[in-house]
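Structural description and commentary
Letter by letter, the chains look like this.
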Amino acid sequence: MATAQSILSRGNNRLARLIEAEIQKQNLIKTGDLLKSIDAQFVLKNKKITIKIGAMYYYTFLDNGTRHIKSRNITQKVINSDKFVKLMEDVAGEYIEFLIDIN
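Residues numbered from 1 in each chain as written. Predicted model: local features only at pLDDT ≥ 70, side-chain atom pairs only at ≥ 80, totals over all residues. Heavy atoms only, no water.

Observations concerning helix α1 (residues 4-25)
Its 22 residues give α1 an end-to-end C-alpha distance of 32 Å, which sits within 8% of 32 Å, the value for a rise of 1.5 Å per residue. Of all the residues in α1, the buried ones are A4, I7, L8, G11, N12, L15, A16, L18, I19, E22 and I23. Relative to the axis of α1, the buried residues are bounded by an arc of 170 degrees and lie together on one face. Those residues of α1 that are buried lie in contact with α2 (33-37), β1 (39-45), β2 (48-54), α3 (58-64), α4 (74-79) and α5 (82-102). Following α1 by one or two positions, N27 adopts a phi angle in the positive range, close to 55 degrees. (Helix = DSSP H or I, 4+ residues; strand = E, 2+ residues; numbered from the N terminus. Expected span 1.5 Å × (residues − 1). Buried < 20%, exposed > 50% of the residue type's maximum accessible area, 1.4 Å probe, protein only. Arc of directions from axis to C-beta. Contact = heavy atoms within 4.5 Å.)

Here it is, written out as structure tokens:
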């Protein structure tokens, strides 16, 4: 039987791949360090699941932009994608099944 952590871990991997794919799609790769640094996590705390994205410090500048850097909206584009919606449906569905099985 799957555990809550194993369900979320599979989601973590899929979410990281979605973010990496968006970075590649926007051709934001110079050395590959940014891609290797992506750490996307579904975090379970107090029966609430949140999403945490970690990456090299300049991910924020590329994502949100600055006075000198155009905003690329990486996170927003991933969240608005059909693949993200499917990921959320899968993770939520598996987690609900897990909760039903343990009760």
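Back to the text.
Notes on the pairing of β2
Across 7 bridges, the pairing between β1 and β2 is antiparallel. Each residue of the ladder has a partner; that of D39, found in β2, is G54. Hairpin connection, β1 to β2: the antiparallel pair is bridged by 2 residues, and N46 has positive phi, about 55 degrees. (Pairing = 2+ DSSP bridges.)

Examining the packing of aromatic side chains
Counting across every chain of the model gives 3 aromatic pairs. Relative to F61, the ring of Y57 has its centre 6.3 Å away and its plane inclined at 80 degrees; by these criteria the two rings are edge-to-face. F61 gets classed as partly exposed once you look at its relative accessible area, which sits at 37%. An aromatic cluster of at least three residues, connected via ring pairs, comprises Y57, Y58 and F61. (Phe/Tyr/Trp six-rings, centres within 6.5 Å; stacked < 30°, edge-to-face > 60°.)

Let's talk about the environment of M88
Mapped onto the fold, M88 is located in helix α5. On the accessibility criterion, M88 (32% relative accessible area) is partly exposed. Separated by 73 residues in sequence, M88 and L15 have C-alpha atoms that sit 9.4 Å apart. Apart from residues no more than four positions distant in its own chain, M88 is found in contact with F42 and I51.

Let's talk about unusual backbone geometry
Negative phi characterises most residues that are not glycine, and trans characterises most peptide bonds. Positive phi, normally seen in glycine, also occurs at N27, with a value near 55 degrees. On the secondary structure map, N27 appears in the loop between α1 and α2. At N73, a position not held by glycine, the phi torsion is positive, near 50 degrees. With respect to the element layout, N73 can be found in the loop between α3 and α4.

Brief notes about the side chain of D63
With respect to the helices, strands and loops of the structure, D63 is situated in helix α3. No salt bridge is formed by the buried D63; its nearest oppositely charged neighbour, K77, is found at 8.6 Å. Polar side-chain contacts of D63 include one of 2.8 Å to the side chain of T75. For D63, the contacting residues outside a window of four places in its chain are S71, R72, N73, I74 and T75. (Lys, Arg positive; Asp, Glu negative; His and termini not counted. Salt bridge = Lys/Arg side-chain N within 4 Å of Asp/Glu carboxyl O. Polar contact = N/O pair within 3.5 Å; in protein donor to acceptor, adjacent residues only side chain to side chain.)

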